[in-house]
Every structure is written in C-alpha cells, then in structure tokens.
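Given next are the chains, with one letter for each unit.
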Amino acid sequence: MKTVIFLSLIMFAFTLCFSQNIYFSGSVDQGTVWDYDTVFLEGNVNIPEDIILEIAPGTKIIAEGYYRIEAYGCILALGNVQDTIVFTVADKTDFADTAQYEAGGWDGIHFLPSTCSDSSLFEYCKFSYGKAVKPDNNSGGAVLITNRNNIEFYNCTFEYNMCLEYGGAIYSNSTNLISYCKFVLNRTYEHGGAIAFKAENIEPIIANCEFIKNIAMNHEDDGSWLFRWGNGAGVYI
C-alpha cells in the first residue's frame, strides 16, 4: 500500500511539472515564451513593437471572454504535426448570433501597423471561434492584418470563424503568404468566407490550401422579394 501511494505521489508531481496553466492579460515583455499546457486570456493582450512572443508546440490559448491579441510586435507560433497550437474561446454559447456581438467568440489576433521588421510565423496552428460582427470591428474573424507584409501561415487550420464584412477567418490589406492551410465552415455576410485581401498593389500568395464549406452570403426579405448576395465563399481579392 505504501508503495502504491508513493508511486501515485510521483505521478501527481510529474503531471504538475508538465501540465502547467497560466492566466494572462496586458503587455508582453521581451523574451516571453508561452510554453504551457494552456494560456487562459483573462483580458486583452498587447505585444509592443520590437517584442516577439514565442508560443511552444502543443500550447492552447483559450480566451475566457471576448478578448484579442493586439500585435504591434511579432508572434512565432511554431507547432508541429503531433503538437498543434490552438487558439479558441472557452464558452462558445451563442456564437452564431450576430446580434450578440461578443457572445460565443473571441476577438482574434489583430496585427496593427508597425515598424517591426521581423516576421510573424504560424505553423501547425488551429484557429476557431473568432468573431468580428461589431459595427466598428467587422472583418477578420480570427486574424486581422493591417499594413503588415511579414506575416505567414503554414499548415494551419481555420474553422468556425465569422465576420460581417471581409474575411470570415482572415482579412488583410497586405502582402502575406498562406500555404498548405485548411479552411472549414468559416463565414462572412459579405466578402470572402474564408479569406479576404482588400487593397491595391499587394501580391498575396495563397498556395495549396483546402477550402471546405465556407460561406459568403447575406439575405434580406422585404416581404415581396428575397435578396441574397455575397462574394467569394473561399477567397475574395
């Protein structure tokens, strides 16, 4: 019996060492590495210019409310086949209800104009339940990119993300690379069910990606006619 108890204590201590969680909000410091089982976001996160946030393989980033990661700096989220990095929300209740702007989703990752010259890379990441349906925040359900050319995605999955206008999963006005990614059941009510690039003189690359059941459609019934519209269930450029 003593041997069994002793072994149980060893296994418990081992689990604590290798299955740690943290709660985070606020500004990211230089040299920050999220190498945990789960990072719970309990508020908005800000990555200042010249700061690189590194995220280790297998880490889950779970927003506990309608929070965003706002990046003036860079993110290196390099998962692998066995250990995907996950970005999602804790409570998905009423995600599909666009009248409840913040219900059931999180506010995604917003890359904002910056002088940062380093690249942001995402490999083997999964993004889900990003929601952008507010009048002043209506594009890029999971990822919104504004004037940032050095952001790339490889072997990532985007599913169940939603916005009102441009890019159910990703919106960008920049030259970005999206390669070998999968987009499933993302939605917009206007343009680009999965991806929308909207700007002049940009050269985005979308290569070897898979698009499954993404939707770009809205409708209005005036009592006599049913109007439906939308552009680019997969991609809008």
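Everything below is about the structure shown above.
These remarks concern the structure in this document.

Parameters and conventions
- Here, residues in each chain are numbered from 1, in the same order as that chain's written sequence.
- Given that the model is predicted, a residue must reach a pLDDT of at least 70 before its local features are reported, and side-chain atom pairs must reach 80 or more before they are shown or counted; all residues, however, enter totals for whole chains, interfaces and linings.
- Each side-chain value is derived from all of the structure's non-hydrogen atoms; neither hydrogens nor water enter the calculation.
- What counts as a helix is a DSSP run of H or I of at least four residues, what counts as a strand is a run of E of at least two, and both are numbered from the N terminus.
- Throughout, exposure labels follow a simple rule: accessible area from a 1.4 Å probe, protein chains only, divided by the maximum for the residue type, with under 20% read as buried, over 50% as exposed, and the rest as partly exposed.
- Between two residues, a contact is recorded if the distance between any of their heavy atoms is within 4.5 Å.
- Only the protein chains shown count as cover for residues, with accessible areas throughout obtained via the Shrake-Rupley method and a probe of 1.4 Å.
- The pairing criterion is simple: DSSP has to find at least two bridges between the two strands.
- Here a pair means two rings of Phe, Tyr or Trp (six-membered ring of Trp) with centres within 6.5 Å. Their orientation is stacked below 30 degrees between planes, edge-to-face above 60, and tilted elsewhere.
- What counts as a salt bridge is simple: a side-chain nitrogen of Lys or Arg found within 4 Å of a carboxyl oxygen of Asp or Glu.

1. A closer look at the overall build of the protein chain
Reasoning step 1: Regarding its fold elements, the protein chain presents 1 helix and 27 strands.
Reasoning step 2: A total of 237 residues make up the protein chain; the buried ones form 45% of that total.
Reasoning step 3: Of all intrachain contacts in the protein chain linking residues separated by at least 6 positions in sequence, the fraction that spans at least 24 positions is 68%.
Reasoning step 4: Surface summary for the protein chain: the accessible area is close to 11,800 Å², and the carbon and sulfur share equals 51%.

2. Structural notes on the sheet that holds strand β16 (residues 162–163)
Reasoning step 1: Across the sheet, which stays open at both edges, the 4 strands sit in the order β12-β16-β20-β24 with parallel pairing between neighbours. Every interior strand has two partners, whereas the edge strands, β12 (131–132) and β24 (215–216), have only one.
Reasoning step 2: Pairing of β12 with β16 involves 2 bridges; the strand directions are parallel. From the neighbouring strand, Lys-131 faces β16, where its bridge partner is Met-162.

3. Here's the deal with the packing of aromatic side chains
Reasoning step 1: Applying the stated rule across the entire model yields 17 aromatic pairs.
Reasoning step 2: A ring pair is formed by Phe-87 and Phe-122, whose centres lie 6.4 Å apart and whose planes are at 65°; its orientation type is edge-to-face. One end of the pair, Phe-87, is in strand β8 (residues 85–89); the other, Phe-122, is in strand β10 (residues 120–123), with 35 residues separating them in the sequence. Phe-122 matches Phe-87 in its accessibility class, with the two residues each being buried.
Reasoning step 3: Taken together, a centroid distance of 5.1 Å and an interplanar angle of 10° make the contact between Phe-183 and Phe-211 stacked.

4. Observations concerning the pattern of salt bridges
Pairing between side chains of opposite charge can happen when the charged atoms of each approach one another.
Reasoning step 1: Overall, the coordinates contain 6 salt bridges when judged by the stated rule.
Reasoning step 2: With a shortest N-O distance of 2.8 Å, Asp-107 and Arg-68 are connected by a salt bridge. Of this pair, Asp-107 sits in the loop between β8 and β9 (109–111) while Arg-68 is found in the loop between β5 (60–63) and β6 (69–71), placing the two residues 39 residues apart along the sequence.
Reasoning step 3: As a salt-bridge pair, Lys-134 and Glu-102 come within 2.8 Å of each other at their nearest N and O atoms. Taken together, the residues span a long stretch of sequence, with Lys-134 in the loop between β12 and β13 (143–145) and Glu-102 in the loop between β8 and β9 at a distance of 32 residues.
Reasoning step 4: Glu-102 sits in the partly exposed class, given a relative accessible area of 42%.

5. Comments concerning the sheet that holds strand β22 (residues 205–207)
Neighbouring strands of a sheet are bound in pairs by backbone hydrogen bonds; such pairs are parallel or else antiparallel.
Reasoning step 1: Taken together, 7 strands build an open sheet; the order of strands is β2-β4-β7-β10-β14-β18-β22 and the sheet is parallel. The open sheet has two free edges, formed respectively by β2 (33–34) and β22, since each of these has just one partner strand.

6. Some points on the pairing of strand β3 (residues 38–47)
Reasoning step 1: Along β3, 7 of the 10 residues are buried, which leaves the element largely enclosed by surrounding structure.
Reasoning step 2: Summarising the sheet, strand β1 (residues 21–27) and β3 pair through 6 bridges and their orientation is parallel. Across the sheet, Tyr-23 pairs through a bridge with Phe-40, a residue of β3.
Reasoning step 3: Examined bridge by bridge, β3 and β6 share 3 bridges and lie parallel to one another. Residue Asn-46 lies in a different strand from β6, and its bridge partner there is Glu-70.

Bear in mind that shape data such as this cannot, by itself, settle questions of function.
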